[in-house]
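# Close look at the chain arrangement
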Amino acid sequence: MVEDVADLPVRAYRKAYPPSGATFAKLRRCGAAAASVTQTHTEGRNMAVEKFTVEASHIMMFARSVGDDNQVYYDEDYAKDTEPGSIIAPPTFAQASAQFDPNYGLRPSIDGDGWFGSGGKPSGAKPREGGGGGGGGGGGGLHAEQRFIYHRHMKPGDVLSATTKPGKTWEKQGRRSGKLVFSESVTEYRDQNGELVVTAIGVGVRTERPVDQG
Amino acid sequence: MALQASDLNVGDTYTERLVEDLKRTQIVMYAGASGDYNPVHTDEVFTKEVAGYPSVFAHGMLTMGMTGKMVTNYVGDGRLTEYGVRFTSQVFPGDTLDATATVVGVSNGIVDLDISTVNQNGDEVLKGSAKARVDD
């Protein structure tokens, strides 16, 4: 089932590594139930995002959000006289493919399924399956590393699909957050012709407790 | 403007200020554009009372995205062939970030860069590397 397999790197870790017991205890104190998380990685590649259509307005909004006003990200007339010859996407745009995953766990659902952010109470509801509970927060999965290899740069008109496979996992003892469990995943973005566009290698880390501050 | 291999020397650096006094609104913008609505980035109540952090904090990918602006401003549009980072410290609202690329090698039309982003206290929040095509 598509919705059971890993999709974006970060989600894959969150899915594979639910929040620690301490986080579950906190969530329960706030009236939220623990996430139901199952590990469904299989050998080989899993479909992560079936159809990620790259659109100019999305690129413009993404570039704005990272504070980049380079015209090559929004002005077609300007871009056609640049070396790329058209609008291209900024280097980390592949991450926005989460928008095209119908079951992405870190987006509130519109079907009344609840959301773990605050509403009337500090935590509104139990996380949706695959959401990974506290997510990047209390002792859950944090995004540790990210690498992109550009075979070419994404541009408007690309219709991409992404497949993910799990990479290696390893452990470390952290000074500020207890035991750290790292896990890697490799996502390939291909265009409508099957050509590889971007390879994304993500590493997530699950911590025993929230990272100590200071 | 693309870089010329002949103009590059190991140890050359390029620095840009990425953001001054990072606003929660920019983090919200990133959440909206990227689609990552994890409340630890935008929801102060959840983040303090449930997740156990002193305040919301930026997506690591926002820091990588902002740092990417420095990299592409340096190497030119469409020149990047590889860009990878480790998130070494959290970024909070109010932070001011500066990013630096350092040339560590130039060969076969590719420049190798070390990347580092630091906050106003000099703490490194992101550390990484990049490769880009350069002109002969």
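Rules used in this analysis
- Residues numbered from 1 in each chain as written.
- Chains lettered and ligands numbered in written order.
- Predicted model: local features only at pLDDT ≥ 70, side-chain atom pairs only at ≥ 80, totals over all residues.
- Heavy atoms only, no water.
- Helix = DSSP H or I, 4+ residues; strand = E, 2+ residues; numbered from the N terminus.
- Buried < 20%, exposed > 50% of the residue type's maximum accessible area, 1.4 Å probe, protein only.
- Pairing = 2+ DSSP bridges.
- Axes fitted to C-alpha atoms, helices over the stretch in contact; angles between N-to-C directions.
- Contact = heavy atoms within 4.5 Å.
- Core = buried A, V, L, I, M, F, W, Y, C linked by side-chain atoms within 4.5 Å.
- Phe/Tyr/Trp six-rings, centres within 6.5 Å; stacked < 30°, edge-to-face > 60°.

### As for unusual backbone geometry
All names here are of chain B. Unlike most non-glycine residues, Asp21 shows phi in positive territory, near 55 degrees. Inspection of the secondary structure assignment puts Asp21 in the loop between strand 1 (13-19) and helix 1 (24-34). Owing to a relative accessible area of 37%, Asp21 belongs among the partly exposed residues under this scheme. Even without a glycine there, the phi angle at Asn108 is positive, about 50 degrees. Mapped onto the elements of the fold, Asn108 is located in the loop between strand 3 (97-107) and strand 4 (110-118).

### Focus: the sheet that holds strand 3 (residues 159-174) of chain A
Read from one edge to the other, the open sheet built from ten strands follows the order 1(A)-3(A)-4(A)-5(A)-2(A)-2(B)-5(B)-4(B)-3(B)-1(B), with strand pairing classed as antiparallel. Either end of the sheet is taken by a strand with one partner, and the two such strands are strand 1 (46-53) of chain A together with strand 1 of chain B. If you compare each strand with its neighbour and ignore which way they point, the axes differ by 20 degrees on average. One ladder, built from eleven bridges, connects strand 4 (residues 178-190) of chain A with strand 5 (residues 196-207) of chain A; its direction is antiparallel. Paired with Val186(A) across the bridge in strand 5 of chain A is Ile201(A). Sitting on the sheet, helix 3 (residues 60-75) of chain B touches strand 2 (141-150) of chain A together with strand 1, strand 2 (80-87), strand 3, strand 4 and strand 5 (124-133) of chain B, and the angle it makes with strand 2 of chain B is about 145 degrees.

### A short note on the nonpolar core
Residues Phe93(A), Met154(A) and Leu113(B) are the most contacted members of the largest nonpolar core, which totals 60 residues. If you tally residues by element for this core, the top one is helix 3 of chain B, at eight residues. Those residues within four positions of Phe93(A) in sequence are excluded, and the remaining contacts are Phe52(A), Val54(A), His58(A), Ile59(A), Phe62(A) and Met154(A). In terms of nonpolar packing, the next biggest core, distinct from the first, is built from 18 residues, Ala98(A), Leu106(A), Ala51(B) and Phe92(B) among them.

### What to know about the packing of aromatic side chains
Here the structure, examined in full by the defined rule, presents twelve aromatic pairs over all chains. For the ring pair Phe52(A) and Tyr189(A), a centre distance of 6.4 Å and an interplane angle of 70 degrees mean the geometry is edge-to-face. A residue pair is termed long-range when its members are at least 10 positions apart, and Phe52(A) in strand 1 and Tyr189(A) in strand 4 qualify at 137 residues. The same class applies to Phe52(A) and to Tyr189(A), which are both buried. Pairing Phe57(B) with Phe92(B) gives two aromatic rings, centres 6.1 Å apart and planes at 65 degrees, and the pair type is edge-to-face. Taken as a pair, Phe57(B) in the loop between helix 2 (44-51) and helix 3 and Phe92(B) in the loop between strand 2 and strand 3 lie far apart in primary sequence, 35 residues in all. Under the relative-accessibility criterion, Phe92(B) is labelled buried at 17%. Put simply, the rings of Phe52(A), Phe62(A), Phe93(A), Phe100(A), Tyr189(A) and Tyr30(B) touch in pairs and so form one group of aromatic residues.

By themselves these figures say nothing about function.
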